[in-house]
Amino acid sequence: MAMRWILGTLMLLIGLATARDAVAEADLAVDLELVLAVDVSGLIDPAEALLQRQGHIQALTSPEVIRAATSGPIGRIAVSYMEWAGAGHVRLVAGWHLIDGLPAARTLAARLASADIVSGQRTSISAAVMFALPLFRDNGYAGTRRVIDISGDGPNNNGLPVLAGRDAANVAGVTLNGLAILNDRPGPLGFPVLRDLDVYYEACVITGPGAFVLAAQGFEDFGAAIRRKLVLEIAQISPSRPPIRRVIGYDCLIGERQLRDWLTRYPSSP
């Protein structure tokens, strides 16, 4: 199984590296190709998952985001939206949509509003990244930049280690940005939370030119945080707040260790 994962990852990287240098002339030029990758794992209850979806809908149609999307040198961006949990639960909710003004943004918002939210077990940031990377291939767009926006409330604890996803994005020339949802509430049966999740994202997840992490103080703050993050991503502006200090030697397998310890106490949990 491990060897299949390694071989599959190598093939993905080779394909992405080749595709990066072979953009079709017919591809539409955009300032940014952006994949929004949203966590719907077990620690996020249905009400919180809905807050995330609504936060993206409101942000994508906000005057600030529309202004940013249409103010670049080309004046348009392309956006797709996916939701993820464990390695076996990654789902494309809305494929690529061109955003060149409010009507186009409303079309994407309507697609998101009409789609079901399907939660899953475990948290695999690496699987989300590996799923997102091929979305840039042959998508009909030629972006000046390519970015995956990972938002979530917990560390990687399933599938490949998180650094495998980060390394794959780095090889493919895709920037990973992070929105860490800080939440002190324990999960089911006392499943642990990672209180310095923003530092984890800084040390273990993000990569690429200008990559950054923002923190949302709970799900109630998510809408405002994602709106600000989208504006910064689209306009290629670094956050005004000081960057999170990287912790040398941070344990990027802390999520896997948390899950293993928890399953020792509750071995019958799914």
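Please read these numbers as outputs of a predicted model, since none were measured by experiment.

Rules used throughout
- Residues numbered from 1 in each chain as written.
- Predicted model: local features only at pLDDT ≥ 70, side-chain atom pairs only at ≥ 80, totals over all residues.
- Heavy atoms only, no water.
- Helix = DSSP H or I, 4+ residues; strand = E, 2+ residues; numbered from the N terminus.
- Buried < 20%, exposed > 50% of the residue type's maximum accessible area, 1.4 Å probe, protein only.
- Contact = heavy atoms within 4.5 Å.
- Areas by Shrake-Rupley, 256 points an atom, 1.4 Å probe, with all protein chains shown as cover.
- Disulfide = S-S within 2.5 Å.
- Phe/Tyr/Trp six-rings, centres within 6.5 Å; stacked < 30°, edge-to-face > 60°.
- Lys NZ or Arg CZ within 6 Å of the ring centre and 35° of its normal.
- Polar contact = N/O pair within 3.5 Å; in protein donor to acceptor, adjacent residues only side chain to side chain.
- 1 Å grid on protein atoms, 1.4 Å probe; cavity = no way out; pocket = protein on both sides within 12 Å on 5 of 7 lines; lining within 4 Å.
- Points joined across faces, edges and corners; volume = space filled by probe spheres on them.
- Nonpolar A, V, L, I, M, F, W, Y, C, P; charged D, E, K, R; others polar.
- Pairing = 2+ DSSP bridges.
- Axes fitted to C-alpha atoms, helices over the stretch in contact; angles between N-to-C directions.

## Let's talk about the overall build of the protein
Assigned secondary structure in the protein consists of nine helices and six strands. Looking at the protein as a whole, 53% of its 270 residues qualify as buried. Considering only contacts in the protein between residues 6 or more positions apart, those separated by 24 or more positions represent 81%. Roughly 12000 Å² of accessible area belongs to the protein as shown, and the carbon and sulfur atoms make up 58% of that amount.

## Regarding the state of the cysteines
This structure, assessed with the given rule, holds one disulfide. With a sulfur-sulfur separation of 2.1 Å, cysteine 204 is cross-linked through a disulfide to cysteine 252. Here the S-S torsion is close to -85°, and the disulfide linking cysteine 204 with cysteine 252 is therefore left-handed. Note that cysteine 204 is positioned in helix H7 (residues 197-205) and cysteine 252 in the loop between helix H8 (222-235) and helix H9 (254-265), a separation of 48 residues in sequence. The class for cysteine 204 is buried, based on a relative accessible area of 0%. Given the relative accessible area of 13%, cysteine 252 is considered buried.

## Examining the packing of aromatic side chains
A full pass over the atoms with the stated rule returns five aromatic pairs. Geometrically, the ring pair formed by phenylalanine 191 and tryptophan 262 is edge-to-face, given 4.9 Å between the ring centres and 70° between the ring planes. Taken together, the residues phenylalanine 191 in the loop between strand S5 (175-182) and H7 and tryptophan 262 in helix H9 connect sequence positions 71 residues apart. Of the two residues, phenylalanine 191 and tryptophan 262, both sit in the buried class. Put simply, the rings of Trp96, Phe136 and Tyr141 touch in pairs and so form one group of aromatic residues. Over the face of the ring belonging to phenylalanine 136 we find arginine 146, whose NZ or CZ atom lies 5.6 Å from the ring centre.

## Some remarks on the environment of aspartate 39
Here aspartate 39 shows up in strand S1 (residues 28-39). Judged by its relative accessible area of 0%, aspartate 39 is buried. Distance from aspartate 39 to isoleucine 150, taken between C-alpha atoms, is 7.8 Å for residues 111 residues apart in sequence. Apart from residues lying up to four places away in sequence, aspartate 39 is in contact with Ile44, Gln52, Trp84, Thr123, Ser151, Gly152, Asp153 and Gly154. Side-chain polar atoms of aspartate 39 contact the backbone nitrogen of aspartate 153, separated by 3.3 Å.

## As for the layout of surface pockets
As a volume, the largest pocket reaches approximately 320 Å³. Lining the largest pocket are 22 residues, with Arg145, Thr175, Pro209, Gly210 and Gln236 sitting closest to its centre. Elements represented by at least two residues in the lining of the largest pocket include exactly strand S4 (141-152), helix H6 (162-172), S5 and H8. Take the lining of the largest pocket: its biggest share by element is five residues, from S4. Here the residues of the lining of the largest pocket sort into seven nonpolar, 11 polar and four charged.

## Let's talk about the sheet that holds strand S3 (residues 90-99)
An order of S3-S2-S1-S4-S5-S6 is seen for the six strands of this open sheet, with the pairing classed as mixed. Since the sheet does not close on itself, it has two edges, and those belong to S3 and strand S6 (213-217), each with one partner. When the angles between neighbouring strand axes are averaged without regard to direction, this sheet yields 15°. Here S4 runs beside S5; their pairing, made up of six bridges, is parallel. Paired with isoleucine 148 across the strands is leucine 176, a residue of S5.

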